[in-house]
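# Analysis of the macromolecular model
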Amino acid sequence: MEPCGGAGRRQIQNILTESAGPTPHARHNITDKLTAFMCMCDNVMLEEIHDCTIAEARRDRATWDVSIMEPKAFIALLYVRGAYCGKNIEMESFWSEQWGNAFFNATLSRNRFREIMRYLRFDKKETRRCRLTTDKFTHVRKVWDRFVENSIASYRPGSDITVDEQLFPTKSRCPFTQYMPNKPDKFGIKFWLAADVDNMLNGFPYLGKDASRPATQRLGENVVLRLVEPFVGKGRNITTDNFFTSLPLSKALLDKNTSLVGTIKRNKRELPPSVQGRSELFSTKVLKSDKMVLSVYQCKPRRNVTILSTQHQHVAISTERKKKPEIVEYYNYSKVGVDVLDQMARQYSVKGGTRRWPVAVFYNWLDLAAINAWVLYRSCMSQENIPRRDFMLQLAHELRAEWMALQAPHCPSAVLVQKSAGE
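Residues numbered from 1 in each chain as written. Predicted model: local features only at pLDDT ≥ 70, side-chain atom pairs only at ≥ 80, totals over all residues. Heavy atoms only, no water.

## With respect to the overall build of the protein chain
Counting secondary structure elements, the protein chain contains 15 helices and 13 strands. For 423 residues, the compact-globule formula gives about 22 Å, and the C-alpha radius of gyration of the protein chain, at 24 Å, lands near that figure. Projected onto the principal axes, the alpha-carbon positions of the protein chain cover approximately 75 × 50 × 40 Å. A total of 423 residues make up the protein chain; the buried ones form 52% of that total. Carbon and sulfur atoms make up 49% of the accessible area of the protein chain, which amounts to about 20,400 Å² in all. Between the mean site of the 63 positive side-chain charges and the mean site of the 45 negative ones, the protein chain shows a separation of 6 Å. (Helix = DSSP H or I, 4+ residues; strand = E, 2+ residues; numbered from the N terminus. Rg over C-alpha atoms; globule rule 2.2 N^0.38 Å. Buried < 20%, exposed > 50% of the residue type's maximum accessible area, 1.4 Å probe, protein only. Areas by Shrake-Rupley, 256 points an atom, 1.4 Å probe, with all protein chains shown as cover. Lys, Arg positive; Asp, Glu negative; His and termini not counted. Charge placed at Lys NZ, Arg CZ, Asp CG, Glu CD.)

Below you can see the structure in the form of structure tokens.
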């Protein structure tokens, strides 16, 4: 590398002051796949789903009930479908005598699964109308927020955090469905996510205009500051794309001892006119103001990449043919967090067809919870490097274990399947 501007010492906002990985709380509690999952989806969440589902069912059928263990068995079936890449397969075909899966028949009957899916709820309908006046996400707010709290309490991110958007594909009836032509599925519910490599750290949905956002604060700036609030001041860097990056955001993060690296639109008013023109191919123009460095790299004859950084005070240039600056290489390395997380979630998604958007959010939550639980389990049980698909299948067996033990005296076939799973 050829230094541009000389060497400089590491900035104080980029000295990581805490170790990355599972928190002491997670390390103390995780002993198997189920306990790793329960760090993400605890008993408070399961009881909320259980109580709300019963409340909905009894509006229709006075005698309907569901065991506290059945929601776990229900989730186990969804994870098995996801592990078998069955999101585009009719769920009921898994109970087929000829083509079905014995795991499904042994766990819950098809009619019982239908009933639970029909009544599945995450809030009480009696009080929903009042809550809807202030929160469009109230149907699933309590469960989602608890999941985010558990994610933050169980894992400390490393030095790099990526903030980006995720579009969870669904065409269910939802007042805040988004159309994004640059995404593979076009329609869905948009979530703002913060991720560390392949672990979801924080997130919330995009619900349209937010009255609580300060009038002087841009949407991108507000999103980033909300997502990274639990992780600032510890020597981390935030990587963003040009929707989020701005000079006010970089200054706000610097005030919290956190750096920012992100692409920025060249037409921003705060940028000097010199960034607009074209330069020689593979050349780099570096502009500096106070603690901020702006790098303009001419990557193609008619296109350049403009990156703002408060982490790099001096820019090194590669000696290779394309002469990429250090800032560009660092951005390419650190920007992929949310994209990798979204690709992993799509690979073994529990998603199924539904017209109810809270159920679609529930599917997304289960996908992200399984990834987080897998990351926690591998970190706490370092001697076991288990593939994610195997983790999901074994997690499904552990999720239904209590339910199967309860049913064993009445269902000999369930005992047989459980023994074979243990072998």
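## Observations regarding the pairing of strand 10 (residues 284-289)
Examined bridge by bridge, strand 10 and strand 11 (residues 292-300) share six bridges and lie antiparallel to one another. Within the sheet, the bridge partner assigned to Lys285 lies in strand 11 and is Val296. Linking strand 10 back to strand 11 in an antiparallel pair, the connection comprises two residues, with Asp290 at a positive phi of about 55°. (Pairing = 2+ DSSP bridges.)

## Quick look at the side chain of Asp42
By the secondary structure assignment, Asp42 is in the loop between helix 2 (33-40) and helix 3 (43-57). Setting aside residues no more than four positions away along its own chain, Asp42 makes contact with Arg146 and Asn150. (Contact = heavy atoms within 4.5 Å.)

## What to know about unusual backbone geometry
One non-glycine residue, Cys85, adopts positive backbone phi at about 55°. Tracing the backbone through its elements, the reader meets Cys85 in the loop between helix 4 (70-83) and helix 5 (102-107). On the basis of relative accessible area, Cys85 is assigned to the partly exposed category, the value being 45%. Located in the positive-phi region is Phe282, a residue other than glycine, with phi close to 65°. Topologically, Phe282 is positioned in the loop between strand 9 (259-263) and strand 10. For Phe282, a relative accessible area of 15% puts it in the buried group.

## Some points on the packing of helix 3 against helix 8 (residues 141-154)
In a pair of packed helices, the angle between the axes and the distance between the axes together describe the arrangement. At their nearest, the axes of helix 3 and helix 8 sit 10 Å apart, and the two run at 170° to each other. Relative to helix 8, helix 3 is oriented roughly antiparallel. From helix 3, Val44, Met45, Glu48 and Ile49 reach across to helix 8, where they touch Lys142, Val143, Arg146, Phe147 and Asn150. Considering only residue class, the contact of helix 3 with helix 8 consists of five nonpolar, one polar and three charged. (Axes fitted to C-alpha atoms, helices over the stretch in contact; angles between N-to-C directions. Parallel < 35°, antiparallel > 145°, perpendicular 65-115°, else oblique. Nonpolar A, V, L, I, M, F, W, Y, C, P; charged D, E, K, R; others polar.)

## Thoughts on the packing of aromatic side chains
One pair of aromatic rings is described through two measures. These are the centre distance and the angle between the planes. Evaluated as defined, the whole model comprises 23 aromatic pairs. Between Trp95 and Phe104, the aromatic rings sit 5.2 Å apart at their centres with planes inclined by 80°, giving edge-to-face as the arrangement. Residue Trp95 shares its accessibility class with Phe104, and that shared class is buried. Their ring planes at 75° and their centres at 6.4 Å tell us that Phe103 and Phe104 sit as a pair that is edge-to-face. Comparing Phe103 with Phe104, the two get one shared label, buried. Taken together, the aromatic side chains of Phe122, Phe137, Trp144, Phe147, Phe176, Phe191, Trp357, Phe362, Tyr363 and Trp365 make up a single cluster linked through ring pairs. Geometry around Tyr363 places Arg81 over its ring, the cationic atom sitting 5.8 Å from the centre. Positioned over the ring face of Phe204 is Arg226, at 3.8 Å from the centre of the ring. (Phe/Tyr/Trp six-rings, centres within 6.5 Å; stacked < 30°, edge-to-face > 60°. Lys NZ or Arg CZ within 6 Å of the ring centre and 35° of its normal.)

## Some details on the pattern of salt bridges
Applying the stated rule across the entire model yields 26 salt bridges. Linking Arg114 and Glu92 is a salt bridge whose minimum nitrogen-to-oxygen distance equals 2.5 Å. Of this pair, Arg114 sits in helix 6 (residues 110-119) while Glu92 sits in the loop between helix 4 and helix 5, placing them 22 residues apart in sequence. Residue Glu92 is classed as partly exposed on the basis of its relative accessible area, which comes to 27%. Notably, a salt bridge pairs Arg141 with Asp135, separated by 2.9 Å at the nearest N-O pair. Classification of Asp135 by relative accessible area gives buried; the value is 15%. (Salt bridge = Lys/Arg side-chain N within 4 Å of Asp/Glu carboxyl O.)

## Re helix 3
For helix 3, which comprises 15 residues, the first-to-last C-alpha distance of 21 Å matches the rise-based estimate of 21 Å (1.5 Å per residue) to within 8%. The complete set of buried residues in helix 3 reads Met45, Leu46, Glu48, Ile49, His50, Cys52, Thr53, Ile54, Glu56 and Ala57. Lining the buried residues of helix 3 we find helix 2, helix 4, helix 6, helix 8 and helix 13 (357-380). (Expected span 1.5 Å × (residues − 1).)

## Comments concerning the packing of helix 8 against helix 13
As a packed pair, helix 8 and helix 13 sit with axes 11 Å apart at the nearest point and diverge in direction by 15°. It follows that helix 8 is roughly parallel to helix 13 by the angle criterion. You can see that helix 8 and helix 13 cross each other, and the crossing is left-handed. Counted together, Val143, Trp144, Phe147, Ser151 and Ser154 of helix 8 and Val361, Asn364, Trp365, Leu368, Ala369, Asn372 and Leu376 of helix 13 form the full contact between these two elements. In terms of residue class, the contact of helix 8 with helix 13 is made up of eight nonpolar, four polar and no charged. (Left-handed = near helix turned anticlockwise from the far one by under 90°.)

## Overview of the environment of Phe362
Assignment of secondary structure puts Phe362 in helix 13. Sequence separation between Phe362 and Pro181 is 181 residues, and the spatial gap between their C-alpha atoms is 24 Å. Beyond its immediate stretch of four places on either side in the chain, Phe362 contacts Ile49, Phe74, Ile75, Leu78, Leu120 and Phe122.

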